Amino acid sequence: MRRRERASVMVWGRNYYLWLRRRYEPEVARLVIVAESPPASGKYFYDPSGSVSEPLFTALMRQMGATPRTKEEGLRQFQNRGWVLVDATCQQVDKLPKDAGQDRDTLIAGDYPLLIEDLSSLLSDRRVPLILIKANVCRLLEPRLTKDGFKVINAGRLVYFPSTGQQKKFEQQFAEILNSAS
């Protein structure tokens, strides 16, 4: 992402991320993956100018058995599969300082109504399966989403984020949950 585009992310925030995602939303969602937030690095999943080697992108392409040459190609395959990735919050929480006064879980909980609004706009039926990824997202949101009528298929199982040595665990955890829904 170029400097000017990165500056736009800071200005546009949620609307910018939703704009990027909407270009790749499936007509009918068959699986919703709920992640934590767009990364502070700017390596946003739905940014087609990014690299196919980005950790989350790579991990989800593997789950589909896809090996796209470009991110655009992979995003289209993701869309055609009926998969969509949403963020629990559009605030970049991954680099929050420990003494920020508000931790990431507080921000995610505070943005829960926006997540519900986002999911409701994507889904005509709350029975579409949701997989939550990242341990804090799983613990924080599974009970709330389930209570609100969404079909979270984690069933209490955590899914670690696929980076910093957790790639193999992610692959196994995600596949087990996905296979349990079949």
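If you're wondering where the values come from, they're calculated on a predicted model, not measured in any experiment.

Caption draft 1: Summary view of helix H6 (residues 112–122). Within the span of H6, buried status applies to Tyr112, Leu115, Ile116, Asp118, Leu119 and Leu122. All buried residues of H6 fall inside an arc of 160 degrees around its axis, so they share one side. Set apart from the buried face of H6 by more than 90 degrees, the exposed residues are Pro113 and Ser121. The inward-facing, buried residues of H6 abut helix H2 (14–22), strand E1 (31–35), strand E2 (83–87), helix H5 (104–110), strand E3 (129–132) and helix H7 (135–147).

Caption draft 2: The arrangement of the packing of H2 against H6 in detail. The contact between H2 and H6 brings their axes to 14 Å, and the two run at 25 degrees. The orientation of H2 relative to H6 falls into the category roughly parallel. Considering how the two elements wind past one another, H2 and H6 form a crossing that is right-handed. Two secondary-structure elements touch here, H2 through Arg14, Leu18 and Arg21 and H6 through Leu114, Glu117, Asp118 and Leu122. Residue classes in the contact of H2 with H6 are distributed as three nonpolar, no polar and four charged.

Caption draft 3: Inspection of helix H3 (residues 55–64) at higher detail. In terms of burial, H3 is a largely internal element, eight of the ten residues being buried. Buried residues of H3: Leu56, Phe57, Thr58, Ala59, Leu60, Met61, Gln63 and Met64, and no others. The secondary structure elements touched by the buried residues of H3 are E1, helix H4 (71–81), E2 and helix H8 (167–180). A positive phi of about 75 degrees marks glycine 65, the residue just after H3.

Caption draft 4: Representation of the environment of glutamine 167 in the model. Locating glutamine 167 in the fold gives a position in helix H8. Take glutamine 167: its relative accessible area is 36%, and that puts it in the partly exposed class. Separated by 125 residues in the primary sequence, glutamine 167 and glycine 42 have C-alpha atoms spaced 20 Å apart. Here glycine 165 takes part through its backbone nitrogen, which lies 3.2 Å from a polar atom of the side chain of glutamine 167.

Caption draft 5: The layout of surface pockets, seen in detail. Each pocket or cavity is described by its volume, and for the largest pocket that value is around 460 Å³. Elements with a contribution of two residues or more to the lining of the largest pocket: H3 and E2. Ranked by residues supplied to the lining of the largest pocket, first place goes to H3 with three residues. Considered class by class, the residues forming the lining of the largest pocket number ten nonpolar, three polar and eight charged.

Reading the values: the criteria
- Residues numbered from 1 in each chain as written.
- Predicted model: local features only at pLDDT ≥ 70, side-chain atom pairs only at ≥ 80, totals over all residues.
- Heavy atoms only, no water.
- Buried < 20%, exposed > 50% of the residue type's maximum accessible area, 1.4 Å probe, protein only.
- Helix = DSSP H or I, 4+ residues; strand = E, 2+ residues; numbered from the N terminus.
- Arc of directions from axis to C-beta.
- Contact = heavy atoms within 4.5 Å.
- Axes fitted to C-alpha atoms, helices over the stretch in contact; angles between N-to-C directions.
- Parallel < 35°, antiparallel > 145°, perpendicular 65-115°, else oblique.
- Left-handed = near helix turned anticlockwise from the far one by under 90°.
- Nonpolar A, V, L, I, M, F, W, Y, C, P; charged D, E, K, R; others polar.
- Polar contact = N/O pair within 3.5 Å; in protein donor to acceptor, adjacent residues only side chain to side chain.
- 1 Å grid on protein atoms, 1.4 Å probe; cavity = no way out; pocket = protein on both sides within 12 Å on 5 of 7 lines; lining within 4 Å.
- Points joined across faces, edges and corners; volume = space filled by probe spheres on them.

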